[in-house]
Amino acid sequence: MTDIELRVLAGKCQEGIATEDERKAFDEAYQLLLTRHSFWDAELMGEKDAVHKEIRKSLFDQVSRYKTKHKVYSIGRYLSAAVIVITIGIAAYFFLNKADRKVQALATRIVPGSNTATLTLADGRKINLNNAENGALVKQTGIEITKSADGQLLYKVQGTEEKADHSLAYNTVETPKGGQYQIILPDGTKVWLNAASSLRFPLSFASLKDRRVELNGEAYFEVSKDKAHPFKVINEGQEVSVLGTHFNINGYRDEGVIKTTLLEGSVSVLSTYAGSKLKPAEVIIRPGEQAILNRQGIEVIKKDVDQVIDWKNGDFIFEKERLRDVMNKIGRWYNVKVIYDKDVNIDLTFSGQMSRSKDISEILKSLASTGEIKFEVKESTIRVINSQ
């Protein structure tokens with residue numbers, strides 16, 4: 001059924017001129033729409049109690065008029081007619097009176113993330129990379145920083161590294177919630193930075209014995225090979241050492257663990273928690289393995305690497321993933337706050353694949369289709385509700 005046909009049927013039902021077949025057709029369409037809109041959006045649909053009261057008054061007025069015109073019908077027929085009109089009237093109310101006015105506002109308010117980041121230079125200056133024009137942004141100590149047309153930040157050594165000023169100066173690239181960015185470091189290493197993350201790094205590695213960067217949040221690395229200068233990624237509590245390889249580190253502080261996943265080569269994962277007695281304190285992982293580090297130790301497991309770097313490839317891939325972890329990812333990417341009712345089981349697991357470019361309503365609809373939970377969306381907050 002097309003949108004126009006649905007509206008025509010709704011109009012006929014509201015006016016009381018629909019045939020029995022037309023009412024059945026509309027009712028079937030309505031039930032289908034309910035399964036596709038299983039979360040309640042108070043901003044889009046209005047407060048539940050107020051909407052219910054308004055619908056009941058309007059529909060019982062219609063039933064009263066219907067009763068006056070058909071005096072020979074029994075009370076059972078009146079109630080039957082009321083049930084039909086109430087069912088189709090709710091759909092007509094939502095899709096005719098509310099959706100047209102507010103659905104676009106919702107889409108504008110909560111949108112998928114994009115290439116957005118802030119560059120903080122060694123002298124404290126900040127550059128909004130979303131607003132900065134493509135091309136050369138600034139020159140620092142023999143390094144030219146350029147923004148490319150496809151949303152990359154490139155560090156290029158002017159001349160040779162030996163001629164560059166080797167004073168120890170650092171830059172920081174930081175993404176907000178709803179942002180991501182790609183950086184090409186002076187040694188040619190490529191870094192993809194996920195939402196709500198930051199990377200701090202020196203302008204030049206030439207005078208340093210190792211290529212050391214500091215990460216908060218999540219990033220994917222393709223490290224340029226240099227046997228003489230190991231590449232090291234420092235998180236709070238962890239140090240990862242490599243020579244040249246591809247790997248992902250997820251180290252959001254609010255998650256309590258650091259997950260390092262290897263795609264190519266080999267890496268050493270070392271715990272740097274002060275005074276802890278971790279067993280083991282250091283591990284070597286190989287492609288397809290993930291090291292999970294916390295204050296109690298390091299665990300190595302097999303992991304589907306496609307699921308780990310789903311964010312880099314523009315997807316959400318959930319494989320028996322806990323509700324809280326799923327909603328953390330959604331909250332960071334769509335820049336929304338997530339709250340939970342007390343009776344919600346945050347250890348529910350979900351599996352599935354969805355594009356990160358989808359409207360948030362489609363993402364929530366897929367999660368709610370399990371029948372375990374439902375959602376209310378108001379402004380930039382998502383409330384998770386137990387539907388059992």
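Residues numbered from 1 in each chain as written. Predicted model: local features only at pLDDT ≥ 70, side-chain atom pairs only at ≥ 80, totals over all residues. Heavy atoms only, no water.

Caption draft 1: Molecular detail of the overall build of the protein chain. Looking only at helices and strands, the protein chain features eight helices and 24 strands. Per-residue burial over the protein chain gives 45% buried out of 388 residues. Considering only intrachain contacts with a sequence separation of at least 6, the fraction spanning at least 24 residues in the protein chain is 52%. (Helix = DSSP H or I, 4+ residues; strand = E, 2+ residues; numbered from the N terminus. Buried < 20%, exposed > 50% of the residue type's maximum accessible area, 1.4 Å probe, protein only. Contact = heavy atoms within 4.5 Å.)

Caption draft 2: How the structure looks around the confidence of the model for the protein chain. Averaged over every residue, the pLDDT of the protein chain is 81; residues scoring 70 or more account for 72%. Highest mean pLDDT in the protein chain belongs to strand E9 (residues 190-193) (98); lowest belongs to helix H5 (residues 75-109) (47). Between residues 34-38, whose pLDDT stays under 50, and residues either more than four places distant or in other chains, the model counts seven contacts. (pLDDT = per-residue confidence, 0-100.)

Caption draft 3: Focus on the packing of helix H7 (residues 323-334) against helix H8 (residues 360-368). Contact geometry for H7 and H8: axes closest at 12 Å, N-to-C directions at 175°. Between H7 and H8, the angle is such that the two are roughly antiparallel. Here H7 contributes Val 326, Met 327, Ile 330 and Tyr 334 to the contact with H8, which in turn contributes Ile 360, Ile 363, Leu 364 and Leu 367. Looking at the contact of H7 with H8 residue by residue, the class counts come to eight nonpolar, no polar and no charged. (Axes fitted to C-alpha atoms, helices over the stretch in contact; angles between N-to-C directions. Parallel < 35°, antiparallel > 145°, perpendicular 65-115°, else oblique. Nonpolar A, V, L, I, M, F, W, Y, C, P; charged D, E, K, R; others polar.)

Caption draft 4: Here's a closer look at the nonpolar core. Phe 221 and Phe 247 are the most contacted members of the largest nonpolar core, which totals 43 residues. Excluding its chain neighbours within four sequence positions, the residues that come into contact with Phe 247 are Ala 219, Tyr 220, Phe 221, Val 223, Val 233, Val 240, Val 242, Thr 261, Leu 262, Leu 263 and Val 267. By size, the runner-up hydrophobic cluster in this structure holds 26 residues, among which are Ile 110, Trp 333, Tyr 334 and Leu 367. (Core = buried A, V, L, I, M, F, W, Y, C linked by side-chain atoms within 4.5 Å.)

Caption draft 5: Spatial organisation of the packing of aromatic side chains. Taken as a whole and judged by the stated rule, the model has six aromatic pairs. Ring centres of Trp 192 and Tyr 220 lie 5.4 Å apart, and the angle between their planes is 55°; this geometry places the pair in the tilted category. In this pair, Trp 192 sits in strand E9 while Tyr 220 sits in strand E11 (residues 211-222), placing the two residues 28 residues apart along the sequence. Accessibility classification places Trp 192 together with Tyr 220 in one group, the buried group. One aromatic cluster in this structure is built from Phe 221, Phe 231 and Phe 247. Just above the ring of Tyr 170 sits the side chain of Arg 200; from NZ or CZ to the centre is 4.0 Å. Between the NZ or CZ atom of Arg 356 and the centre of the ring of Trp 333, over which it lies, the distance is 3.6 Å. (Phe/Tyr/Trp six-rings, centres within 6.5 Å; stacked < 30°, edge-to-face > 60°. Lys NZ or Arg CZ within 6 Å of the ring centre and 35° of its normal.)

Caption draft 6: Molecular detail of the pattern of salt bridges. One pass over the full model with this rule turns up 16 salt bridges. The salt bridge partner of Asp 187 is Arg 211, with a shortest N-O separation of 2.6 Å. In this pair, Asp 187 is assigned in the loop between strand E8 (179-184) and E9 and Arg 211 in strand E11, connecting sequence segments 24 residues apart. Lys 232 serves as the salt-bridge partner of Asp 210, at 3.7 Å between the closest nitrogen and oxygen. With a gap of 22 residues between them, Asp 210 in the loop between strand E10 (198-202) and E11 and Lys 232 in strand E12 (residues 231-235) connect regions that are remote in the sequence. For the pair Asp 210 and Lys 232, one class covers both residues: buried. In the salt-bridge network here, residues are joined through shared partners; they are Asp 210, Arg 212, Lys 232 and Glu 239. (Salt bridge = Lys/Arg side-chain N within 4 Å of Asp/Glu carboxyl O.)

Caption draft 7: Up close: H8. Those residues of H8 lying buried are Ile 360, Ile 363, Leu 364, Leu 367 and Ala 368. For H8, the angular spread of buried residues about the axis comes to 130°, placing them on one side. Looking at the buried side of H8, the elements it contacts are strand E20 (315-322), H7, strand E22 (349-355), strand E23 (373-378) and strand E24 (381-386). (Arc of directions from axis to C-beta.)

Caption draft 8: Representation of the side chain of Arg 332 within the structure. With respect to the helices and strands, Arg 332 occurs in helix H7. Arg 332 gets classed as buried once you look at its relative accessible area, which sits at 9%. Other than its neighbours up to four places away in sequence, Arg 332 contacts Lys 177, Gly 178, Ala 195, Ala 196, Tyr 252, Asp 254 and Glu 255.

Caption draft 9: Local environment of the sheet that holds strand E21 (residues 337-340). With mixed pairing, three strands are arranged side by side in an open sheet as E21-E24-E23. Lying at the two open borders of the sheet, with one neighbouring strand each, are E21 and E23. Across the sheet, the mean angle separating the axes of adjacent strands is 25° when strand polarity is ignored. Against the sheet, H8 contacts E23 and E24, and its axis sits at roughly 155° relative to E23. (Pairing = 2+ DSSP bridges.)

Caption draft 10: Fine view of the side chain of Thr 260. With respect to the element layout, Thr 260 can be found in strand E15 (residues 258-264). A polar side-chain atom of Thr 260 sits 2.9 Å from a polar atom in the side chain of Gln 238. (Polar contact = N/O pair within 3.5 Å; in protein donor to acceptor, adjacent residues only side chain to side chain.)

Caption draft 11: The environment of Ile 110, seen in detail. Looking at the secondary structure, you find Ile 110 in the loop between H5 and strand E1 (114-115). Along the backbone, Ile 110 and Ser 361 are 251 residues apart, and their C-alpha atoms lie at a distance of 9.3 Å. With residues up to four places along the chain from it excluded, the contact list for Ile 110 reads Tyr 334, Val 336, Ile 360, Val 377, Glu 379 and Ser 380.

Caption draft 12: Geometry of the pairing of strand E4 (residues 135-140). Sheet topology note: the E4/strand E5 (residues 143-147) ladder contains five bridges and is antiparallel. Residue pairing across strands places Val 138 opposite Ile 145, the latter belonging to E5. Hairpin connection from E4 to E5: two residues lie between these consecutive antiparallel strands, with Thr 141 at a positive phi of about 40°.

Caption draft 13: Quick peek at the environment of Val 300. Along the chain, the position of Val 300 falls in strand E19 (residues 297-302). Residues Val 300 and Val 283 lie 17 residues apart in sequence; the distance between their C-alpha atoms is 8.2 Å. Each residue touching Val 300, except ones within four places of it in the same chain, is listed here: Val 283, Ile 285, Glu 289 and Gln 290.

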